Amino acid sequence: MGPASACADRDARFDLLALGEPLIEFNADASDDRCLRGFGGDVSNVAVAAARLGARTGFLGALGADAFGDDIMALWAREGVDTACVRRDPQAPTGAYLVEHGGAQGHRFAYLRASSAATHYALDDAARAALARTRLLHLSAISQGISLAACDTGFEAMALAREAGARIAYDTNLRLALWPLPRARAIIREALRLCDIALPGHEDAAKIFGTRDPEALVDHCLEGGCAIVAMTLGAQGAIIATPHARRRIPAFPVTARDATGAGDAFDAAFLVHLGETGDPFAAGHYACIAAALSTTGYGAIAPLPGRGAVDAARAALSADGDG
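Residues numbered from 1 in each chain as written. Predicted model: local features only at pLDDT ≥ 70, side-chain atom pairs only at ≥ 80, totals over all residues. Heavy atoms only, no water.

A. Focus on the overall build of the protein. Broken down by element type, the protein carries 11 helices and 14 strands. Over its C-alpha trace the protein gives a radius of gyration of 18 Å, about what one expects of a compact globule, namely 20 Å for 323 residues. Each principal axis of the C-alpha atoms in the protein carries an extent, and together these give about 55 × 50 × 40 Å. Among the 323 residues that make up the protein, the fraction classed as buried is 54%. (Helix = DSSP H or I, 4+ residues; strand = E, 2+ residues; numbered from the N terminus. Rg over C-alpha atoms; globule rule 2.2 N^0.38 Å. Buried < 20%, exposed > 50% of the residue type's maximum accessible area, 1.4 Å probe, protein only.)

B. Here's a closer look at the layout of surface pockets. Counted as a void, the largest pocket has a volume near 1,200 Å³. If you go around the largest pocket, you meet 46 residues; those closest to its centre are Thr232, Ala259, Thr260, Ala262 and Gly263. Broken down by secondary-structure element, the contributors of at least two residues to the lining of the largest pocket are α1 (42–52), β8 (108–112), α7 (202–209), β12 (228–232), α9 (262–277) and α10 (280–294). Considering every element that reaches the lining of the largest pocket, the biggest residue donor is α9, with five residues. Tallied by class, the residues present in the lining of the largest pocket amount to 24 nonpolar, 13 polar and nine charged. (1 Å grid on protein atoms, 1.4 Å probe; cavity = no way out; pocket = protein on both sides within 12 Å on 5 of 7 lines; lining within 4 Å. Points joined across faces, edges and corners; volume = space filled by probe spheres on them. Nonpolar A, V, L, I, M, F, W, Y, C, P; charged D, E, K, R; others polar.)

C. Representation of the pattern of salt bridges. Under the definition given, this model contains 17 salt bridges. In this structure, aspartate 125 and arginine 128 form a salt bridge, with 3.6 Å as the shortest nitrogen-oxygen distance. Of this pair, aspartate 125 and arginine 128 both sit in helix α3 (residues 125–131), three residues apart, which is roughly one turn of that helix. Residue aspartate 125 is classed as exposed on the basis of its relative accessible area of 64%. When its relative accessible area of 33% is taken as the criterion, arginine 128 is described as partly exposed. Here the salt bridges share partners, and the residues they tie into one network are Glu215, Asp219, Arg246 and Arg248. (Salt bridge = Lys/Arg side-chain N within 4 Å of Asp/Glu carboxyl O.)

D. Focus on the packing of aromatic side chains. Across all of its chains, the model carries four aromatic pairs by this definition. When the ring of phenylalanine 266 is compared with that of phenylalanine 270, the centres are 6.1 Å apart and the planes differ by 10°; the resulting orientation is stacked. Remark: phenylalanine 270 and phenylalanine 266 occur in helix α9; sequence separation between them is four residues, near one turn of the helix. As far as the burial class goes, phenylalanine 266 and phenylalanine 270 line up, both buried. Above the ring of tyrosine 111, the side-chain terminus of arginine 113 is found at 4.4 Å from the ring centroid. (Phe/Tyr/Trp six-rings, centres within 6.5 Å; stacked < 30°, edge-to-face > 60°. Lys NZ or Arg CZ within 6 Å of the ring centre and 35° of its normal.)

E. Looking closely at helix α6 (residues 181–194). Here α6 spans 20 Å end to end across 14 residues, near enough to the 20 Å set by a 1.5 Å rise per residue. Along α6, the residues classified as buried are Ala184, Ile187, Ile188, Ala191 and Leu192. For α6, the arc enclosing every buried residue in end-on projection is 135°, short of the 170-degree limit, so these residues lie on one face. Buried residues along α6 sit against α4 (141–145), α5 (148–163), β10 (167–171), β11 (197–199), α7 and α8 (214–223). (Expected span 1.5 Å × (residues − 1). Arc of directions from axis to C-beta. Contact = heavy atoms within 4.5 Å.)

F. Examining empty space enclosed by the protein more closely. Overall, the coordinates contain one cavity of 30 Å³ or more when judged by the stated rule. Quantified by volume, the largest cavity comes out at close to 60 Å³. The dominant element in the lining of the largest cavity, judged by the number of residues it contributes, is α5, at three residues. Taken together, the residues that form the lining of the largest cavity break down as five nonpolar, four polar and one charged.

Note that every value here comes from positions in space, so none of it alone points to a role or purpose.
Here it is in structure tokens:
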């Protein structure tokens, strides 16, 4: 790779920096032969969703010097995600994945990401400078699972963010096609020990800790040392917990069509609202609304709601006496 460009505004602070792998999405419907092209990658989705909610966001990572990479850069430019610290790799491609819907298994994913540009990404001076200027670093198990180099880069970024006084948020997004469960467990548990905000999904956490009891899973995350746990429970809402209190947050009722990016919408809304209010339980309610709204369309990016939509839904819920 050539040298990275300097970050655009060295004096401004980020509300959220996301580290990981962006992807091109092909979304297929089992009822016909059509396939819609879109965008994905869990932490990229979070960066876009946070930007739509009004946060100043940036991305740390790499894309191929190819048409897919161009499209993702254009997406981030439209959404207001800072890309000055994104590198373009002329020797490695941008990753892609296919989503298929229908059948007894719900939706299925197939990935074309082996040796993608993101798997070779390492922090440079520009990225380190950005980490020194962010209030929060967000990454996930996928950010670390795509390669050994990515795993090390994730831990380095966490250490630098911590040193600079930023908070660290970690989603346990578990993809066993990327790594064997024993290694995934070891890395994820160490990352949870280092983070401030744990964002586990119930199904992933059950595999990581070996129990399906949501309360026990929250306990495991807190025992690792994080200050806040926000565990998503799918249609059952979420559990928000600190070492001193915990609450179950109900799901917001919608007619769901595709849950592809719902967890990422939850993460973004939770982190943005927590940063603005300091209240994890209010952030949990806000995040459940955003996650539900994101399931009303198809694909990971297109249905991610903006602040106006989430605020309107929250106001309607409060008017009904449930908020």
